[in-house]
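As a plain string of letters, each chain reads:
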Amino acid sequence: MHNQSQQLMENPEVLDYTSHLLKITFNGVCVVYSEEAIRRLTWQARRGMLELDVLFVPFMEKAFRGLADDDKDRFVKLLECEDQDLFIWFMQRGVPEDPELAKAVKMVLAFVQSK
């Protein structure tokens, strides 16, 4: 593990995705979301639709940092969806066709229901 960490520090691959969020990857796997990326995601979580804001903003503030990396990636993918789709999914009037998005929806709903 030390060798992998040393290689990462010597030659990190920093990616800038379409959402303009920086994350550091090693061998194609996300290792770290930067604090800047988390701040941008928190801003992006503010949708302007109250029903979504009350779900996403607390999730970002209280749960995101503690997630496994693939769950973080799923949530980021979820934030790229249209508000109308998100509203339908979170009001449980429909389910995303993409299984990764469906997992992200369940993850956020589980967080909200656990409060």
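Residues numbered from 1 in each chain as written. Predicted model: local features only at pLDDT ≥ 70, side-chain atom pairs only at ≥ 80, totals over all residues. Heavy atoms only, no water.

Colleague: Give a detailed account of the confidence of the model for the chain, specifying residues and quantitative values.
Modeller: With 73% of its residues at a pLDDT of 70 or more, the chain shows a mean pLDDT of 81. Predicted confidence in the chain is weakest over strand β1 (residues 13-16), with a mean pLDDT of 44, and strongest over helix α5 (residues 83-90), with 97. Within the model, pLDDT remains below 50 along residues 11-20, and this stretch shows 19 contacts once partners closer than five positions in the same chain are excluded. (pLDDT = per-residue confidence, 0-100. Helix = DSSP H or I, 4+ residues; strand = E, 2+ residues; numbered from the N terminus. Contact = heavy atoms within 4.5 Å.)

Colleague: Can you explain the environment of Met-91? Please cite residues and give values.
Modeller: Counting through the fold element by element, Met-91 comes out in the loop between α5 and α6 (99-113). Put simply, Met-91 and Glu-51 are 40 residues apart on the chain and 8.7 Å apart in space, counted from C-alpha to C-alpha.

Colleague: Explain the pattern of salt bridges to me, and be specific about the residues and the numbers.
Modeller: A full pass over the atoms with the stated rule returns eight salt bridges. Here Glu-36 makes a salt bridge to Arg-39, at a shortest N to O gap of 2.9 Å. One end of the pair, Glu-36, and the other, Arg-39, are both in helix α2 (residues 35-45), three residues apart, so they sit about a helical turn from each other. Overall, Glu-36 belongs to the partly exposed group, its relative accessible area being 31%. (Salt bridge = Lys/Arg side-chain N within 4 Å of Asp/Glu carboxyl O. Buried < 20%, exposed > 50% of the residue type's maximum accessible area, 1.4 Å probe, protein only.)

Colleague: So what's going on with the environment of Asp-73? Residues and values would help.
Modeller: Turning to its location among the elements, Asp-73 is positioned in helix α4 (residues 69-79). Judged by relative accessible area, Asp-73 falls into the partly exposed class, the value being 26%. C-alpha of Asp-73 to C-alpha of Tyr-33: the two residues are 40 residues apart in sequence and 9.6 Å apart in space. A polar contact is formed between the side chain of Asp-73 and the side chain of Tyr-33, at a distance of 2.4 Å. (Polar contact = N/O pair within 3.5 Å; in protein donor to acceptor, adjacent residues only side chain to side chain.)

Colleague: Any details on the packing of helix α3 (residues 50-62) against α4? Residues and values, ideally.
Modeller: As a packed pair, α3 and α4 sit with axes 13 Å apart at the nearest point and diverge in direction by 150 degrees. Here α3 lies roughly antiparallel to α4, going by the angle between them. When the axes of α3 and α4 are compared, the crossing they make is left-handed. Along the contact surface, α3 presents Phe-56, Phe-59 and Met-60, while α4 presents Phe-75, Leu-78 and Leu-79. Classifying every residue of the contact of α3 with α4 gives six nonpolar, no polar and no charged. (Axes fitted to C-alpha atoms, helices over the stretch in contact; angles between N-to-C directions. Parallel < 35°, antiparallel > 145°, perpendicular 65-115°, else oblique. Left-handed = near helix turned anticlockwise from the far one by under 90°. Nonpolar A, V, L, I, M, F, W, Y, C, P; charged D, E, K, R; others polar.)

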